[in-house]
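# Secondary and tertiary structure notes
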Amino acid sequence: QVQLVESGGGLVQPGGSLRLSCAASGSISSINEMGWYRQAPGKQRELVAVISSGSSIRNYADSVKGRFTISRDNAKRTVYLQMNSLKPEDTAVYYCNANIRTRILGIYSYYWGQGTQVTVSS
């Protein structure tokens, strides 16, 4: 069984920075793309950033381009989201997502983390 655990959220002032981490664990044979999503109160969950298995492809939502950077460490089975120049509109619960093949099932499926709160306020 796969688990994704996010960390690094918290309260930060506008213009500040946070670094989110998401570590995958369990009976994993391979991890394809990994990504970050966020959901603000009363809004739909939206894609923030996605990174390919070899980190050669990185895509971002227009609202975060130039401010956020996604990266991954395959040896640690961890994906990161460096968030700079944070704005109040970045306030949301941030969720980790990963396309993972397990040793038991042998097929790729998507998994979600439990979410970590990011609040940007003065």
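Up top you'll find the structure we're talking about.
Read on for an overview of the structure. (Residues numbered from 1 in each chain as written. Predicted model: local features only at pLDDT ≥ 70, side-chain atom pairs only at ≥ 80, totals over all residues. Heavy atoms only, no water.)

### Structural notes on a nonpolar patch on the surface
Stated formally: Each patch is assembled from residues with relative accessible area greater than 30% and no salt bridge, linking like charges that lie within 9 Å and nonpolar side chains (Val, Leu, Ile, Met, Phe, Trp, Tyr) that lie within 5 Å. The protein chains shown are the only cover counted for residues, whose accessible areas, like all others here, come from Shrake-Rupley with a 1.4 Å probe. Throughout this description, the term salt bridge denotes a Lys or Arg side-chain nitrogen within 4 Å of a carboxyl oxygen of Asp or Glu. Here a helix means four or more residues in a row that DSSP labels H or I, a strand means two or more in a row labelled E, and each is numbered from the N terminus.
On the surface, a cluster of nonpolar side chains totalling about 350 Å² of accessible area is made up of Ile 104, Leu 105 and Ile 107. As for its placement among the helices and strands, Ile 107 is situated in the loop between strand 9 (92-102) and strand 10 (108-112).

### Digging into the packing of aromatic side chains
To describe a pair of aromatic rings, you give the distance between the ring centres and the angle between the ring planes. For clarity, the threshold we go by: Two rings from Phe, Tyr or Trp (for Trp, the six-membered ring) form a pair when their centres sit within 6.5 Å of each other. Planes less than 30 degrees apart are called stacked, planes more than 60 degrees apart edge-to-face, and all others tilted. Geometrically, a lysine NZ or arginine CZ counts as sitting over a ring once it is within 6 Å of the ring centre and also within 35 degrees of the ring normal.
Inspection of the entire model under this criterion finds 2 aromatic pairs. With a centroid separation of 6.5 Å and 85° between ring planes, the pair formed by Tyr 95 and Trp 112 is classed as edge-to-face. Here Tyr 95, found in strand 9, pairs with Trp 112, found in strand 10; they are 17 residues apart in sequence, far enough to count as distant. By the ring-pair criterion, three or more aromatic residues cluster together here, those being Tyr 37, Tyr 95 and Trp 112. The ring of Tyr 80 carries the charged tip of Arg 19 above its face, separated from the ring centre by 4.0 Å.

### Brief notes about the state of the cysteines
Simply put, disulfide is the name for a covalent bond between the sulfur atoms of two cysteines. The following threshold applies: Pairs of cysteine sulfur atoms within 2.5 Å are identified as disulfides in what follows.
Applying the stated criterion to the full structure yields 1 disulfide. Here Cys 22 connects covalently by a disulfide to Cys 96, the sulfurs 2.1 Å from one another. Given an S-S torsion of about -85°, the disulfide between Cys 22 and Cys 96 has left-handed geometry. Of this pair, Cys 22 sits in strand 3 (residues 18-25) while Cys 96 sits in strand 9, and the two are 74 residues apart along the sequence.

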